[in-house]
Amino acid sequence: MQTEKNTNKRIFLIPGKTNDEDRQNFIYFWVHYMKEHSDDEWSKQQNNLINSVIPDTKIKSKKSNRKI
Amino acid sequence: MDYKREERRIILNRELSNLDDFALNFTRIVKKHARYVIISGYVSILLGRTRTTEDIDMFIMPISKERFNELYEDLIENGFWCLNSDNPEIAFDYLKSGLAIRFSIENMPIPNFEVKFPKDSLGLETFNDSIEVILPKGDLIISCLERHIAFKRYFLKSKKDLEDAGHIEEFFKEKLDYQKINKIKNLIESFEKP
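Within any chain, residue numbers begin from 1 and follow the written order of that chain's sequence. Chains carry letters and ligands carry numbers; both start at the beginning, A for chains and 1 for ligands, and go up in the order they are written. The predicted origin of the model limits local features to residues at a pLDDT of at least 70 and limits the giving and counting of side-chain atom pairs to 80 or more, whereas totals for whole chains, interfaces and linings rest on all residues. Side-chain measures were taken over the full set of non-hydrogen atoms in the model, leaving aside hydrogen atoms and water.

Colleague: I'd like to hear about the overall build of chain B, residue by residue, with values.
Modeller: Labels follow the DSSP assignment, with helices taken as runs of H or I lasting at least four residues and strands as runs of E lasting at least two, numbered in each case from the N terminus. Along chain B, the regular secondary structure elements total 8 helices and 9 strands. What the globule rule says is 2.2 Å times the number of residues to the power 0.38, and the radius of gyration is computed from C-alpha atoms. What you see for chain B is a C-alpha radius of gyration of 16 Å, in line with the 16 Å of a compact globule of 194 residues. Once the C-alpha set of chain B is aligned to its principal axes, its extents read approximately 45 × 45 × 30 Å. We call a residue buried when its accessible area falls under 20% of the maximum for its residue type, exposed when it is over 50%, and partly exposed in between, using a 1.4 Å probe and counting protein chains only. Here chain B, with 194 residues, has 53% of them falling under the buried criterion. Only heavy atoms matter for contacts: two residues are in contact if any of them lie within 4.5 Å across the pair. Summarising the internal contacts of chain B: among those between residues at least 6 apart in sequence, 65% fall at separations of at least 24.

Colleague: Talk me through the interface of chain B and chain A; I want residue IDs and the actual numbers.
Modeller: Between chain B and chain A, the contact holds 42 residues from the first and 31 residues from the second. What counts as buried area is the accessible surface, traced by a 1.4 Å probe, that two parts surrender upon association, with contributions from both included. In total, chain B and chain A occlude about 3,200 Å² of area from one another, counting both sides; carbon and sulfur atoms represent 56% of this. We define a polar contact as two N or O atoms separated by no more than 3.5 Å, with the added condition that, inside protein, one atom must be a possible hydrogen donor and the other a possible acceptor, whereas residues neighbouring each other in sequence contribute only through side-chain atom pairs. At the junction of chain B and chain A, the tally comes to 17 residue pairs in polar contact (both at pLDDT 80 or more). If one sorts the elements of the side of chain B that touches chain A by residue count, helix α1 (residues 18-30) of chain B sits on top with 7 residues. Looking at the side of chain B that touches chain A residue by residue, the classes come out as 17 nonpolar, 12 polar and 13 charged. Amino acid classes used here: Ala, Val, Leu, Ile, Met, Phe, Trp, Tyr, Cys and Pro are nonpolar; Asp, Glu, Lys and Arg are charged; the rest, including Gly, are polar.

Colleague: Which residues make up the pairing of strand β3 (residues 36-39) of chain B, and what are the values?
Modeller: Residue and element names in this part refer to chain B. Of the two faces of β3, the one holding Tyr-36 and Ile-38 and the one holding Val-37 and Ile-39 are both buried throughout. Bridge count for β3 against strand β4 (residues 55-60) is 4 bridges, and the pairing is antiparallel. For Ile-39, the partnering residue across the bridge sits in β4 and is Asp-57. At least two bridges found by DSSP between two strands are what make those strands a pair.

Colleague: Kindly report on the pattern of salt bridges, identifying the contributing residues and their values.
Modeller: Between side chains of opposite charge, pairing is possible as soon as their charged atoms come close. The salt bridge criterion pairs a side-chain nitrogen of Lys or Arg with a carboxyl oxygen of Asp or Glu, the two atoms within 4 Å. Tallied over the entire structure, the rule returns 29 salt bridges over all chains. Among the ionic pairs, Asp-20 of chain B bridges to Arg-14 of chain B, the shortest N-O distance being 3.1 Å. An identical accessibility class is assigned to Asp-20 of chain B and Arg-14 of chain B; each is buried. A salt bridge links Glu-169 of chain B to Arg-153 of chain B, with the shortest nitrogen-to-oxygen separation between them at 2.7 Å. Of this pair, Glu-169 of chain B sits in helix α7 (residues 159-172) while Arg-153 of chain B is found in helix α6 (residues 145-156), placing the two residues 16 residues apart along the sequence. If you follow the salt bridges from partner to partner, you end up with Arg-23 of chain A together with Arg-49, Arg-51, Lys-152, Asp-161, Glu-163 and Asp-164 of chain B in one network.

Colleague: Can you tell me about the packing of aromatic side chains, naming the residues and giving the values?
Modeller: Residue and element names in this part refer to chain B. Centres within 6.5 Å make a pair out of two Phe, Tyr or Trp rings, where for Trp the six-membered ring is used; the pair is then stacked when the planes are under 30 degrees apart, edge-to-face when over 60, and tilted otherwise. Enumeration according to the criterion identifies 15 aromatic pairs over all chains in this entry. Centre to centre, the rings of Phe-68 and Tyr-72 are 6.0 Å apart; their planes meet at 55°, and the pair counts as tilted. Of this pair, Phe-68 and Tyr-72 both sit in helix α3 (residues 65-77), 4 residues apart, which is roughly one turn of the helix. For the pair shown, Phe-68 and Tyr-72 are each scored as buried. The interplanar angle of 70° and the centroid separation of 6.0 Å between the aromatic rings of Tyr-72 and Phe-103 together place this pair among those described as edge-to-face. Taken as a pair, Tyr-72 in helix α3 and Phe-103 in strand β6 (residues 101-105) lie far apart in primary sequence, 31 residues in all. For Tyr-72, a relative accessible area of 3% translates into the label buried. An aromatic cluster is defined as three or more aromatic residues linked by ring pairs; in this entry it consists of Phe-22, Phe-26, Phe-68, Tyr-72, Phe-80, Phe-92, Phe-103, Phe-113 and Phe-117.

Colleague: Before we move on, could you go through the pairing of strand β7 (residues 108-116) of chain B and cite the residues and values that matter?
Modeller: Residue and element names in this part refer to chain B. Across 5 bridges, the pairing between β4 and β7 is parallel. Looking at β7, one finds that Met-58 is bridged to Val-115. Of the pairings in the sheet, the one linking β6 to β7 comprises 5 bridges and is antiparallel in character. Bridge pairing in β7 links Arg-102 to Glu-114. In sequence, β6 turns back onto β7 through a hairpin of 2 residues, with Asn-107 there showing a positive phi of about 65°.

Read these as layout, nothing more, since geometry by itself doesn't imply function.
Structure follows, in C-alpha coordinates:
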(Lines give C-alpha, C1' and ligand atoms only; values in the text may rest on other atoms or scores of the structure.)
Protein backbone atom coordinates (compact mmCIF):
# COMPACT_ATOMS: atom_id res chain seq x y z
CA MET A 1 0.00 0.00 0.00
CA GLN A 2 1.49 3.30 -1.06
CA THR A 3 -0.71 5.50 1.09
CA GLU A 4 -0.88 6.17 4.78
CA LYS A 5 -4.18 6.25 6.65
CA ASN A 6 -4.85 8.51 9.62
CA THR A 7 -7.61 8.14 12.18
CA ASN A 8 -10.14 10.20 10.21
CA LYS A 9 -9.96 7.83 7.23
CA ARG A 10 -8.15 10.51 5.31
CA ILE A 11 -5.10 9.13 3.58
CA PHE A 12 -1.94 10.95 2.70
CA LEU A 13 -0.04 10.70 -0.53
CA ILE A 14 3.46 9.39 0.03
CA PRO A 15 5.95 11.17 -2.24
CA GLY A 16 7.58 8.73 -4.66
CA LYS A 17 11.33 8.42 -4.88
CA THR A 18 11.05 8.57 -8.67
CA ASN A 19 8.57 10.26 -10.99
CA ASP A 20 7.10 6.86 -11.93
CA GLU A 21 6.66 5.88 -8.30
CA ASP A 22 5.14 9.25 -7.52
CA ARG A 23 2.62 8.87 -10.34
CA GLN A 24 1.81 5.33 -9.20
CA ASN A 25 1.26 6.53 -5.65
CA PHE A 26 -1.10 9.21 -6.92
CA ILE A 27 -3.15 6.53 -8.71
CA TYR A 28 -3.60 4.69 -5.36
CA PHE A 29 -4.43 7.98 -3.68
CA TRP A 30 -6.99 8.96 -6.32
CA VAL A 31 -8.67 5.53 -6.33
CA HIS A 32 -9.02 5.78 -2.55
CA TYR A 33 -10.52 9.25 -3.01
CA MET A 34 -12.99 7.88 -5.58
CA LYS A 35 -14.07 5.11 -3.21
CA GLU A 36 -14.66 7.60 -0.40
CA HIS A 37 -16.72 10.00 -2.51
CA SER A 38 -19.80 9.75 -4.73
CA ASP A 39 -19.51 9.29 -8.49
CA ASP A 40 -20.89 12.78 -8.91
CA GLU A 41 -18.21 14.30 -6.65
CA TRP A 42 -15.12 12.64 -8.09
CA SER A 43 -16.32 12.97 -11.69
CA LYS A 44 -16.80 16.72 -11.28
CA GLN A 45 -13.12 16.96 -10.38
CA GLN A 46 -12.08 14.69 -13.22
CA ASN A 47 -14.18 16.80 -15.61
CA ASN A 48 -12.24 19.93 -14.66
CA LEU A 49 -9.33 18.24 -16.39
CA ILE A 50 -11.17 16.58 -19.30
CA ASN A 51 -13.34 19.56 -20.24
CA SER A 52 -10.38 21.93 -20.15
CA VAL A 53 -8.91 19.99 -23.05
CA ILE A 54 -11.84 18.44 -24.90
CA PRO A 55 -14.40 20.85 -26.38
CA ASP A 56 -18.15 20.49 -26.08
CA THR A 57 -19.23 18.58 -29.18
CA LYS A 58 -22.99 18.78 -28.84
CA ILE A 59 -24.17 19.07 -32.38
CA LYS A 60 -27.21 19.64 -34.47
CA SER A 61 -28.40 16.94 -36.77
CA LYS A 62 -28.24 18.09 -40.38
CA LYS A 63 -31.37 16.11 -41.07
CA SER A 64 -33.65 17.11 -38.23
CA ASN A 65 -31.92 20.26 -36.98
CA ARG A 66 -32.35 18.94 -33.45
CA LYS A 67 -29.66 18.34 -30.90
CA ILE A 68 -28.80 14.68 -30.60
CA MET B 1 -19.78 3.05 -9.03
CA ASP B 2 -21.38 -0.35 -8.78
CA TYR B 3 -19.84 -3.24 -10.74
CA LYS B 4 -22.15 -6.22 -11.03
CA ARG B 5 -19.67 -8.74 -12.30
CA GLU B 6 -22.09 -11.60 -12.95
CA GLU B 7 -24.35 -9.32 -14.99
CA ARG B 8 -21.36 -7.72 -16.75
CA ARG B 9 -22.76 -4.31 -15.88
CA ILE B 10 -21.47 -1.17 -14.21
CA ILE B 11 -23.82 1.47 -12.85
CA LEU B 12 -21.99 4.79 -12.96
CA ASN B 13 -23.74 7.92 -11.73
CA ARG B 14 -21.03 10.27 -12.87
CA GLU B 15 -21.33 13.80 -14.18
CA LEU B 16 -20.83 13.38 -17.89
CA SER B 17 -17.74 14.97 -19.41
CA ASN B 18 -17.56 16.42 -22.91
CA LEU B 19 -15.84 13.18 -23.87
CA ASP B 20 -18.69 11.10 -22.44
CA ASP B 21 -21.28 13.18 -24.34
CA PHE B 22 -19.29 12.65 -27.52
CA ALA B 23 -19.07 8.90 -26.91
CA LEU B 24 -22.81 8.60 -26.21
CA ASN B 25 -23.78 10.59 -29.30
CA PHE B 26 -21.52 8.55 -31.57
CA THR B 27 -22.47 5.15 -30.18
CA ARG B 28 -26.21 5.93 -30.37
CA ILE B 29 -25.77 5.92 -34.13
CA VAL B 30 -23.23 3.10 -34.43
CA LYS B 31 -25.30 0.61 -32.43
CA LYS B 32 -28.16 0.88 -34.93
CA HIS B 33 -25.89 -0.65 -37.55
CA ALA B 34 -23.22 -2.79 -35.88
CA ARG B 35 -22.11 -4.33 -32.62
CA TYR B 36 -19.36 -2.29 -31.02
CA VAL B 37 -17.02 -2.40 -28.04
CA ILE B 38 -15.03 0.55 -26.73
CA ILE B 39 -11.49 -0.46 -25.86
CA SER B 40 -8.26 0.98 -24.45
CA GLY B 41 -7.66 4.39 -22.86
CA TYR B 42 -11.20 5.77 -22.72
CA VAL B 43 -12.28 2.73 -20.70
CA SER B 44 -9.95 3.81 -17.90
CA ILE B 45 -10.98 7.46 -18.26
CA LEU B 46 -14.70 6.66 -18.16
CA LEU B 47 -14.04 4.73 -14.95
CA GLY B 48 -12.23 7.59 -13.27
CA ARG B 49 -8.62 7.76 -14.43
CA THR B 50 -7.28 11.31 -14.13
CA ARG B 51 -6.25 11.95 -17.70
CA THR B 52 -7.93 12.71 -20.98
CA THR B 53 -7.53 11.66 -24.59
CA GLU B 54 -8.21 13.05 -28.02
CA ASP B 55 -9.41 9.72 -29.40
CA ILE B 56 -11.65 6.86 -28.34
CA ASP B 57 -10.85 3.41 -29.70
CA MET B 58 -13.64 1.15 -30.83
CA PHE B 59 -13.98 -2.29 -32.40
CA ILE B 60 -17.00 -2.86 -34.57
CA MET B 61 -17.98 -6.37 -35.55
CA PRO B 62 -17.12 -6.84 -39.24
CA ILE B 63 -20.10 -5.89 -41.44
CA SER B 64 -20.83 -5.90 -45.15
CA LYS B 65 -20.03 -2.97 -47.40
CA GLU B 66 -23.76 -2.24 -47.71
CA ARG B 67 -24.27 -2.10 -43.97
CA PHE B 68 -21.17 0.02 -43.57
CA ASN B 69 -22.50 2.47 -46.18
CA GLU B 70 -25.69 2.83 -44.13
CA LEU B 71 -23.68 3.45 -40.97
CA TYR B 72 -21.47 5.97 -42.76
CA GLU B 73 -24.43 7.89 -44.18
CA ASP B 74 -26.19 7.92 -40.81
CA LEU B 75 -23.09 9.40 -39.18
CA ILE B 76 -22.76 12.06 -41.89
CA GLU B 77 -26.44 12.98 -41.61
CA ASN B 78 -25.95 13.45 -37.88
CA GLY B 79 -23.08 15.89 -38.18
CA PHE B 80 -20.06 13.60 -38.06
CA TRP B 81 -17.39 13.31 -40.73
CA CYS B 82 -14.74 10.77 -41.53
CA LEU B 83 -11.21 12.13 -41.26
CA ASN B 84 -9.88 9.58 -43.72
CA SER B 85 -12.19 9.93 -46.71
CA ASP B 86 -15.49 11.41 -47.86
CA ASN B 87 -16.08 8.24 -49.86
CA PRO B 88 -17.59 5.40 -47.80
CA GLU B 89 -16.18 2.79 -50.17
CA ILE B 90 -12.63 3.98 -49.55
CA ALA B 91 -13.29 4.11 -45.81
CA PHE B 92 -14.62 0.55 -45.93
CA ASP B 93 -11.55 -0.61 -47.85
CA TYR B 94 -9.36 0.82 -45.11
CA LEU B 95 -11.32 -1.13 -42.52
CA LYS B 96 -11.16 -4.33 -44.54
CA SER B 97 -7.39 -3.89 -44.85
CA GLY B 98 -7.06 -3.91 -41.08
CA LEU B 99 -6.63 -0.14 -40.79
CA ALA B 100 -8.47 2.15 -38.42
CA ILE B 101 -10.63 5.04 -39.60
CA ARG B 102 -11.55 8.10 -37.58
CA PHE B 103 -14.78 10.02 -37.19
CA SER B 104 -15.30 13.35 -35.47
CA ILE B 105 -17.80 16.18 -35.46
CA GLU B 106 -17.58 17.96 -38.81
CA ASN B 107 -14.79 20.55 -38.77
CA MET B 108 -13.80 19.52 -35.24
CA PRO B 109 -11.11 16.81 -35.49
CA ILE B 110 -10.71 16.58 -31.70
CA PRO B 111 -12.08 14.47 -30.11
CA ASN B 112 -12.53 11.61 -32.53
CA PHE B 113 -13.47 7.94 -32.61
CA GLU B 114 -10.93 5.48 -33.98
CA VAL B 115 -12.94 2.63 -35.47
CA LYS B 116 -11.54 -0.72 -36.56
CA PHE B 117 -12.48 -4.30 -37.27
CA PRO B 118 -10.82 -6.82 -34.95
CA LYS B 119 -7.86 -8.39 -36.74
CA ASP B 120 -7.84 -11.79 -35.04
CA SER B 121 -9.64 -14.12 -32.66
CA LEU B 122 -8.28 -12.23 -29.65
CA GLY B 123 -9.94 -9.09 -30.95
CA LEU B 124 -13.19 -10.90 -31.75
CA GLU B 125 -13.34 -12.32 -28.22
CA THR B 126 -13.73 -8.75 -26.98
CA PHE B 127 -17.39 -8.98 -28.05
CA ASN B 128 -18.04 -12.11 -25.98
CA ASP B 129 -17.38 -10.70 -22.53
CA SER B 130 -17.98 -6.98 -22.93
CA ILE B 131 -19.48 -4.89 -20.13
CA GLU B 132 -22.40 -2.50 -20.28
CA VAL B 133 -21.85 0.81 -18.47
CA ILE B 134 -25.10 2.48 -17.48
CA LEU B 135 -24.67 6.27 -17.33
CA PRO B 136 -27.24 8.92 -16.38
CA LYS B 137 -28.00 9.67 -20.04
CA GLY B 138 -27.34 6.42 -21.85
CA ASP B 139 -25.13 3.39 -21.93
CA LEU B 140 -21.80 2.38 -23.40
CA ILE B 141 -20.31 -1.03 -24.15
CA ILE B 142 -16.70 -1.46 -23.02
CA SER B 143 -14.22 -4.32 -23.03
CA CYS B 144 -14.15 -6.52 -19.94
CA LEU B 145 -11.86 -5.28 -17.18
CA GLU B 146 -9.55 -8.29 -17.17
CA ARG B 147 -9.03 -8.03 -20.93
CA HIS B 148 -8.45 -4.28 -20.61
CA ILE B 149 -5.79 -4.78 -17.94
CA ALA B 150 -4.07 -7.60 -19.83
CA PHE B 151 -3.86 -5.66 -23.10
CA LYS B 152 -2.60 -2.53 -21.41
CA ARG B 153 -0.04 -4.34 -19.29
CA TYR B 154 1.20 -7.10 -21.59
CA PHE B 155 0.60 -5.83 -25.13
CA LEU B 156 0.67 -2.02 -25.23
CA LYS B 157 3.02 -1.63 -22.23
CA SER B 158 3.75 2.13 -22.44
CA LYS B 159 3.96 4.09 -19.19
CA LYS B 160 0.52 5.56 -19.87
CA ASP B 161 -0.92 2.09 -20.55
CA LEU B 162 0.59 0.62 -17.39
CA GLU B 163 -0.94 3.46 -15.38
CA ASP B 164 -4.32 2.93 -17.07
CA ALA B 165 -4.16 -0.75 -16.08
CA GLY B 166 -3.03 0.15 -12.56
CA HIS B 167 -6.01 2.45 -12.06
CA ILE B 168 -8.53 -0.22 -13.05
CA GLU B 169 -6.80 -2.93 -11.05
CA GLU B 170 -6.63 -0.79 -7.91
CA PHE B 171 -10.26 0.27 -8.11
CA PHE B 172 -11.74 -3.13 -8.93
CA LYS B 173 -9.19 -5.41 -7.22
CA GLU B 174 -11.74 -7.25 -5.10
CA LYS B 175 -13.85 -8.13 -8.15
CA LEU B 176 -11.26 -9.07 -10.76
CA ASP B 177 -10.63 -12.56 -12.10
CA TYR B 178 -6.84 -12.75 -11.94
CA GLN B 179 -6.79 -16.17 -13.60
CA LYS B 180 -8.54 -14.62 -16.59
CA ILE B 181 -5.96 -11.81 -16.76
CA ASN B 182 -3.22 -14.43 -16.77
CA LYS B 183 -4.97 -16.49 -19.43
CA ILE B 184 -5.30 -13.47 -21.72
CA LYS B 185 -1.69 -12.57 -21.01
CA ASN B 186 -0.64 -16.04 -22.22
CA LEU B 187 -2.79 -15.69 -25.34
CA ILE B 188 -1.27 -12.28 -26.11
CA GLU B 189 2.23 -13.72 -25.74
CA SER B 190 1.39 -16.68 -27.98
CA PHE B 191 0.06 -14.31 -30.65
CA GLU B 192 3.24 -12.23 -30.47
CA LYS B 193 5.54 -15.21 -31.02
CA PRO B 194 6.59 -15.64 -34.67
